[in-house]
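One letter stands for each residue in the lines below.
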Amino acid sequence: MLSLRSFNKLLHRCLLFLTFLLICFNEIIIYHVNRCSWQQIGCKVGNCTRILLIADPQLLGLTYSKTLYSGLARFDADRYLRQTFKQALAFTKPHIICFLGDLMDEGNVASPEEFKSYVKRFQQIYRTDDDPRFKLFSPYYQRVHIPGDNDIGGENGEYISNLNVHRFEEAFTQEDIFDYGDNHLRFFKINRMLLDFTNPDRSNNVKHLRIGLSHAPILIGGGPLLRAIIKELDPHIIFSGHWHESRIFTHPDTKVVNFYEPGVRHFDLKAIKEQQHSYLEIMVPTASYRMGKTKMGIGYAVLENHDLSYTVLWLPNRFVFLLIYLFWILFAASMLLVFRMMTRCPFRTGKRNMHYDYLSNGTSPESQHMESK
């Protein structure tokens, strides 16, 4: 039979081992398990373009949150973004990565020093230039960055300073692309806040498959910007974010479809434009678990000529696993507390004192019992 000391050691070792297993599962294994639910998209001809779409990562800043655990929250949110991006990168092997705005949560209010620190964190999370795996997928590791209202301002009529616009462009847009290789893809950056868009080579637009990238939705808003985009860009497809939701819009019928299934949607972009005379927009959900949404994901699109295949790489809900940590801490603490109370209860203390008295008198309980007879 185990002694109390041996049982105490065994209990502590079991709790430590189970804690280690829980940490391994929550921090490593869950991302690989979650990846098994993603839908792979193949190429029929072999000349397709894979595009990864990341919306609203919103790296937590230093201004709005000043609680005791804000540093831990920033660390955990950054690690979540890094882990999910690594999995998506290895799974999709993309040719192009599009960031659809709100790269930072406090970019529009950050001081110059804070902004530099946010940019450094973003580059460390979404690092591809020194990743040999990504260089094998796409030798040019091409990217596009769209500013969001949390990057430069502009939400609800907020003033957008030239300083905010300039420092965002200086930090992110130097490596942006507009045309992609021999696949005749042309990307247009649309800034809903400034009511502006890029169109550097208007005369040759018709030769390309035209892709609009915007932070805020375009087709659902209407107005002069939409009319200008339709007239000058005439895009085949628009990708946007901002709402932290996964939706599909069509114009002019203003149809909105929620897209939360794990499957793949297929679109004939040529037929949508030429036969249905419609415009298509896909809204990509947020990639961060800190945005108050239960569904987070990364968009994954494959273009093959005018055929578009699109799915969402749904991400694990981090808050669920943080709650598991909390419950485990409470359970382990309760176990240790109960065991400590059991080993220090008054009955056992009295019994130990009685045994000590017997030894001090040079007698044993059995001899005193015989003497009483």
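Residues numbered from 1 in each chain as written. Predicted model: local features only at pLDDT ≥ 70, side-chain atom pairs only at ≥ 80, totals over all residues. Heavy atoms only, no water.

Engineer: How should the overall build of the protein chain be read in this particular structure?
Structural biologist: Counting its regular elements, the protein chain contains 11 helices and 14 strands. When each of the 373 residues of the protein chain is scored for burial, the buried share is 48%. Across the protein chain, the fraction of contacts at a sequence separation of at least 24, relative to all contacts at a separation of at least 6, is 77%. When the accessible surface of the protein chain is summed, it comes to about 20000 Å², and 59% of that surface belongs to carbon and sulfur atoms. (Helix = DSSP H or I, 4+ residues; strand = E, 2+ residues; numbered from the N terminus. Buried < 20%, exposed > 50% of the residue type's maximum accessible area, 1.4 Å probe, protein only. Contact = heavy atoms within 4.5 Å. Areas by Shrake-Rupley, 256 points an atom, 1.4 Å probe, with all protein chains shown as cover.)

Engineer: Sorry if this is basic, but what is going on with the environment of K295 here?
Structural biologist: With respect to the helices and strands, the residue K295 is situated in the loop between β12 (279–283) and β13 (297–304). By relative accessible area, K295 is classed as partly exposed at 40%. In sequence terms K295 and N317 are 22 residues apart; their C-alpha atoms lie 7.2 Å from each other. Those residues in contact with K295, other than ones at most four positions away along the chain, are Y260 and W314.

Engineer: Please clarify how the pairing of strand β3 (residues 142–145) should be interpreted in this entry.
Structural biologist: Consecutive side chains of a regular strand alternate in pointing toward one face of the sheet and then the other. The side-chain alternation of β3 yields two buried faces, one formed by Q142 and V144 and the other by R143 and H145. The pairing of strand β2 (residues 96–99) with β3 spans four bridges and is classified as parallel. Looking at β3, one finds that C98 is bridged to V144. (Pairing = 2+ DSSP bridges.)

Engineer: Would you mind showing me how to read the UniProt feature "transmembrane region" (unreviewed entry) in the protein chain here?
Structural biologist: What UniProt calls "transmembrane region" (unreviewed entry) maps, in this numbering, to residues 319–339. In residues 319–339, the share of helix is 100% and the share of strand is 0%. The end C-alpha atoms are 30 Å apart. (UniProt positions renumbered as here; feature names shortened; annotations may be inferred.)

Engineer: Before we go on, may I ask you to explain the side chain of H236 in this structure?
Structural biologist: With respect to the secondary-structure elements, H236 resides in the loop between α7 (223–232) and β8 (237–240). Aside from chain neighbours lying at most four places away, what touches H236 is H208, L209, R210, L269, K273, L280 and H306.

Engineer: Would you explain a nonpolar patch on the surface in this entry?
Structural biologist: On the surface, a nonpolar cluster with roughly 410 Å² of combined accessible area is contributed by F17, L18, F20 and L21. Along the chain, the position of L18 falls in helix α1 (residues 4–35). Using a relative accessible area of 41% as the deciding quantity, one classes L18 as partly exposed. (Patch = residues over 30% accessible without salt bridge, like charges linked within 9 Å, V, L, I, M, F, W, Y side chains within 5 Å. Salt bridge = Lys/Arg side-chain N within 4 Å of Asp/Glu carboxyl O.)

Engineer: Could you clarify how one ought to interpret the packing of α1 against helix α2 (residues 70–92) in this entry?
Structural biologist: α2 packs onto α1 with a crossing angle of 40° between their chain directions and a minimal axis gap of 10 Å. The pairing of α1 with α2 is recorded here as oblique in orientation. Every pair of crossing elements has a handedness; the one defined by α1 and α2 is right-handed. Residues E27, Y31, H32 and R35 of α1 pack against R79, Y80, Q83, T84, Q87, A90 and F91 of α2. Class assignment of the residues belonging to the contact of α1 with α2 gives a composition of four nonpolar, four polar and three charged. (Axes fitted to C-alpha atoms, helices over the stretch in contact; angles between N-to-C directions. Parallel < 35°, antiparallel > 145°, perpendicular 65-115°, else oblique. Left-handed = near helix turned anticlockwise from the far one by under 90°. Nonpolar A, V, L, I, M, F, W, Y, C, P; charged D, E, K, R; others polar.)

Engineer: How do you make sense of the sheet that holds strand β14 (residues 307–314) when you look at a structure like this?
Structural biologist: Backbone hydrogen bonds hold the strands of a sheet together, and the pairing may be parallel or antiparallel. Here we have six strands laid out as an open sheet, ordered β3-β2-β1-β13-β14-β11, and mixed in their pairing. The sheet terminates laterally at β3 and β11 (265–268), the two strands that pair on one side only. Neighbouring strand axes in the sheet, compared pairwise and without regard to direction, differ in orientation by 20° on average. One ladder, built from four bridges, connects strand β1 (residues 49–54) with β2; its direction is parallel. Note on β2: the bridge partner recorded for I51 is I96.

Engineer: I tried to follow the nonpolar core on my own but got confused; where do I start?
Structural biologist: Within soluble globular proteins, side chains that are nonpolar tend to cluster in buried spots. Counting residues in each nonpolar core, the largest one holds 43 residues, and the members touching the most others are I54, Y126, F172, I298 and L313. Only α1, β1, α2, β2, α3 (112–125), α6 (162–172) and β13 provide two or more residues apiece to this core. F172 has contacts with L103, M104, F115, V119, F122 and H145, leaving out every residue within four places of it along the chain. If you look at the next biggest cluster of nonpolar residues, it comprises 31 residues, including Y180, F259, L303 and L308. (Core = buried A, V, L, I, M, F, W, Y, C linked by side-chain atoms within 4.5 Å.)

Engineer: Which parts of the structure should I look at to understand the packing of aromatic side chains?
Structural biologist: To describe a pair of aromatic rings, one takes the distance between the centres and the angle between the planes. Overall, the coordinates contain 16 aromatic pairs when judged by the stated rule. With centroids separated by 5.9 Å and ring planes inclined at 45°, the aromatic side chains of F259 and Y310 adopt a geometry described as tilted. Placement of F259 in the loop between β10 (255–258) and β11 and of Y310 in strand β14 is noted, with a sequence separation of 51 residues between them. An aromatic cluster of three or more residues is present, and its members are F85, F99, F122, Y126, F168 and F172. One cation-aromatic arrangement involves K295 over W314; the distance from NZ or CZ to the ring centre is 5.6 Å. (Phe/Tyr/Trp six-rings, centres within 6.5 Å; stacked < 30°, edge-to-face > 60°. Lys NZ or Arg CZ within 6 Å of the ring centre and 35° of its normal.)

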